[in-house]
Amino acid sequence: MLLHYFSVLPLLIAIVGLTTCYSASDIIQSTNPYLTTADRIHLKKILEPGLTSNDVTFTYYAVHGYTFLGENLPNKQDICDFLIKVLNNGNNITMEKAFHIASTWHVMGNCQANPPSNIAKVLTNAIEKDTSNMVELYYAVNGLTALSEKLSRDKVDKIIRAVQNALRKDDNIWNLGYAFHIASDLGTSGAFAFDRIEDAIIQADEVDGQYLQFEGGLSVTSFLVNGILKLSSTLKKKPPLTSQQTVKLANYLLSRRSVQTPRGVTSLLSALMILANNDFEKLMCVTLANEEISISTRQPLVTVKVCDILGNPVTGTFKVIANSATRVGDDVVLFNKQSLQPVPADKTLYTMNLMEMKPERGFYKISVTAGSVTNTVRVKVLCEVVVDHMEIGTADADQTTQPKLERVIFPEKLSQKVEADSQQKLVMRFLLKDGGNKKSMRTHQAFVRLSSASDSKDSSKKGQEIVFVAEPDTSHLYKFDMPVGTAAVNFDYQSGDYNVELIVGDAVLSNPFQWTVATVNLKFPERTLTERGVDKSVFYKYKSNVYTTKPEIQHMFREPEKRPPAFVSNLFTGLCLAPVLLLLLLWAKLGVNISNFPFSLSAVTFHLGLGSIFILFGIFWLKLNMFVTLRYLLGLGVVTFLAGNKMLSRIAHKHKSH
């Protein structure tokens, strides 16, 4: 039976692993965000200074960034003149500068008929040298490709050998990225690098199950994504990237939309462009068009945006379907399979009238499928709260009689003033209902606020207020009782007119309100001598010095118990050691045969280890803690056990031989 179990166990593990992988593949199908108009404006502002810069590198990033954004260059001729000036005046053009000029020249398109020959010469020299590193080879090959320079078969073979030799020495992710870019510019000859794509992908780090990035951040991640997809496009072979990996790479890139440098902007846009336009995986974003809009009777439409990662409409024919809507908290399913209708004015928007399903207030998770892509969006459904019943009045503090309550209609104010003295209590009863289904409801916030309504010129008698929490019972009827005599201290014993306001609020209310219900005249008792000496700051009211430094709290440790005299302690220690002395005396009287002691390494080690353990226990009693003692005991115990086992084995063998 046990053998059968172990034979089936690997199969079970494999099935569980496959199930886990399958379920994990369904976690993310849609990218989380997309490139919004606000993001484009932000990125454009970062690039703008580079268009007028005197640095070729900044100009390179600005021109490429504007091209990726689809923006027209405002000073194209000025940029051309700047590039030509640099080429004419630069007798010593570096490899990096030559690459930036060549690439920018290519993007500009028509600065002049033919680019100067000195830039091509600088790039060609890097290929002819035997000592060029990967960066120089990348600059040279990519720059010559931008200049439409043809590479001979001999040079292509030399480049391939140089790249392969460099990867044998160091195949870090940057070198792999350079290899992919170089190979993509070599056409079908670059097939040698395709098999190394998997070596790069396995080095990516997954974050929170949603993002995939390479160590080094945005620059290296963008560089590798560009290189992998460019090489795959050149060879017309699907890259070894799963759909989930592609989505997670896009999620990471989109999470860096707040980048603040021209290089970062260009890296971000170049990777997003090639991800959005590649022929192997069409990424889609399914999300709410506006996360801030709540659903209510005034705004009943759920609007979903379906676009690519650049925010553009997705080509092709597909349906957008809301698979289900589930209320958060109790998992009540509102509906299944509802089609969303396209918005004629915007091809990326699809809507449905959620209020037609008569949802109750709360938060809902809606699973939306667009074509083969599914995502879950979260919406908030609001309700309109209605004050169904409101009564206010007074009752005796000892509850000997029934309360005298007056009915108030929302949002009016009680016409007559309520009088309450120190022998009474202020009473309020109200019931809130959902305006949609007319059911009684509770809210997160239901406060009763009493604030001074006095017109007295005496500033000491103005501004008195206190806020109470109204609590509902099991039938959702809110009750508020305030004994006037007991509450006098909270109002600083200032009798007079007070406005009674009801404050109702909740995250799922479309009409939170603050309603002045009535004016009540409160007559507090006179302050007693004892109460006059009480510090008012102990009461529930605002104090200006509430944030001042408080007195330091001094912790009082328990005093140690009285210890016995030294004579008693020494006597007790002697009594504890007495059995050892008695043992030695008995050994001497009996005549211990020490000559039979086996003087071997194991015997000596065993007895020394045993003695060391006893000494360790004594030190533990004096100063060591348990964890340090256990650490030492582990080493001594292992040595003593092995030595004792060896000693006993020898003694047993000796007895058998005799």
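About the criteria used
Residues numbered from 1 in each chain as written. Predicted model: local features only at pLDDT ≥ 70, side-chain atom pairs only at ≥ 80, totals over all residues. Heavy atoms only, no water. Patch = residues over 30% accessible without salt bridge, like charges linked within 9 Å, V, L, I, M, F, W, Y side chains within 5 Å. Areas by Shrake-Rupley, 256 points an atom, 1.4 Å probe, with all protein chains shown as cover. Salt bridge = Lys/Arg side-chain N within 4 Å of Asp/Glu carboxyl O. Helix = DSSP H or I, 4+ residues; strand = E, 2+ residues; numbered from the N terminus. Pairing = 2+ DSSP bridges. Axes fitted to C-alpha atoms, helices over the stretch in contact; angles between N-to-C directions. Disulfide = S-S within 2.5 Å. Parallel < 35°, antiparallel > 145°, perpendicular 65-115°, else oblique. Left-handed = near helix turned anticlockwise from the far one by under 90°. Contact = heavy atoms within 4.5 Å. Nonpolar A, V, L, I, M, F, W, Y, C, P; charged D, E, K, R; others polar. Buried < 20%, exposed > 50% of the residue type's maximum accessible area, 1.4 Å probe, protein only. UniProt positions renumbered as here; feature names shortened; annotations may be inferred.

### Comments concerning a nonpolar patch on the surface
Together, Val 580, Leu 583, Leu 584, Trp 587 and Val 592 line one region of the surface with nonpolar side chains, adding up to about 460 Å² of accessible area. Of note, Leu 584 is situated in helix α16 (residues 566-590).

### Points about the sheet that holds strand β18 (residues 477-483)
Here we have five strands laid out as an open sheet, ordered β12-β11-β14-β18-β17, and antiparallel in their pairing. Edge positions in the sheet fall to β12 (404-407) and β17 (471-472), since each of these pairs with one other strand and no more. When strand β14 (residues 424-434) meets β18, the two strands line up antiparallel, connected through seven bridges. Residue pairing across strands places Leu 426 opposite Met 482, the latter belonging to β18.

### Re the pairing of strand β6 (residues 333-339)
Pairing of strand β5 (residues 320-327) with β6, which is carried by five bridges, proceeds in the antiparallel orientation. Bridge pairing links Ser 324 to Asn 336 in β6. Turn length for the β5-β6 hairpin, with the two strands adjacent in sequence and antiparallel, is five residues, and the turn residue Gly 329 shows positive phi of about 115 degrees.

### Concerning the sheet that holds strand β9 (residues 362-370)
Spatially, four strands are ordered β6-β5-β9-β10 in an open sheet, and the strand pairing comes out antiparallel. Edge positions in the sheet fall to β6 and β10 (373-381), since each of these pairs with one other strand and no more. Shown here is a sheet whose adjacent strand axes are inclined to one another by a mean of 20 degrees, direction ignored.

### Some thoughts on the state of the cysteines
One way to say it: the disulfide is the covalent bond shared by the sulfur atoms of two cysteines. Inspection of the entire model under this criterion finds zero disulfides. Sulfur of Cys 307: no disulfide; nearest cysteine sulfur belongs to Cys 285 and is 4.9 Å away.

### Structural notes on the packing of helix α7 (residues 134-146) against helix α8 (residues 153-169)
Put simply, α7 and α8 touch, their axes get as near as 10 Å, and they point 150 degrees apart. Considering their axes alone, α7 and α8 lie roughly antiparallel with respect to each other. Relative to α8, the crossing made by α7 is left-handed. Between α7 and α8, the residues in contact are Met 134, Leu 137 and Val 141 and Ile 159, Ala 162, Val 163, Ala 166 and Leu 167, respectively. For the contact of α7 with α8, a count of residues per class yields eight nonpolar, no polar and no charged.

### Points about the pattern of salt bridges
Considering all chains together, one arrives at 18 salt bridges under this definition. In this structure, Lys 44 engages Glu 71 in a salt bridge whose closest nitrogen and oxygen atoms are separated by 3.4 Å. Taken as a pair, Lys 44 in helix α2 (residues 37-47) and Glu 71 in the loop between α3 (56-69) and α4 (76-89) lie far apart in primary sequence, 27 residues in all. We note a salt bridge from Asp 388 to Lys 433, for which the minimum N-O separation is 3.8 Å. Within this pair, whereas Asp 388 is found in strand β11 (residues 385-396), its partner Lys 433 is found in strand β14, the two being separated by 45 residues in sequence. Take Lys 433: its relative accessible area is 23%, and that puts it in the partly exposed class. One continuous salt-bridge network, built from bridges that share partners, spans Arg 327, Asp 330, Glu 360 and Lys 439.

### With respect to the environment of Val 56
Tracing the backbone shows Val 56 in helix α3. What makes Val 56 buried here is its relative accessible area of 7%. In this structure the C-alpha to C-alpha distance between Val 56 and His 100, which are 44 residues apart in sequence, comes to 6.8 Å. Look past the residues within four positions of Val 56 in its chain and what remains in contact with it is Phe 82, Val 86, Lys 97, His 100 and Ile 101.

### Some words on the pairing of β9
Of all the nine residues making up β9, seven are buried; the element is thus mostly covered by neighbouring parts of the structure. Note that β9 and β10 share nine bridges and pair antiparallel. The residue of β10 that forms the bridge with Ile 366 is Val 377. Connecting the antiparallel pair β9 and β10 is a turn made up of two residues, with Gly 371 showing a positive phi of about 70 degrees.

### Observations concerning the UniProt feature "transmembrane region" (unreviewed entry) in the protein
If you check UniProt for "transmembrane region" (unreviewed entry), the listed places come out as residues 567-587, 599-622 and 628-648 in our numbering. Structurally, residues 567-587 is divided into 100% helix and 0% strand, and its ends, taken at the C-alpha atoms, are 30 Å apart. Measuring from the first to the last C-alpha atom of residues 599-622 gives 33 Å, for a span that is 92% helix and 0% strand.

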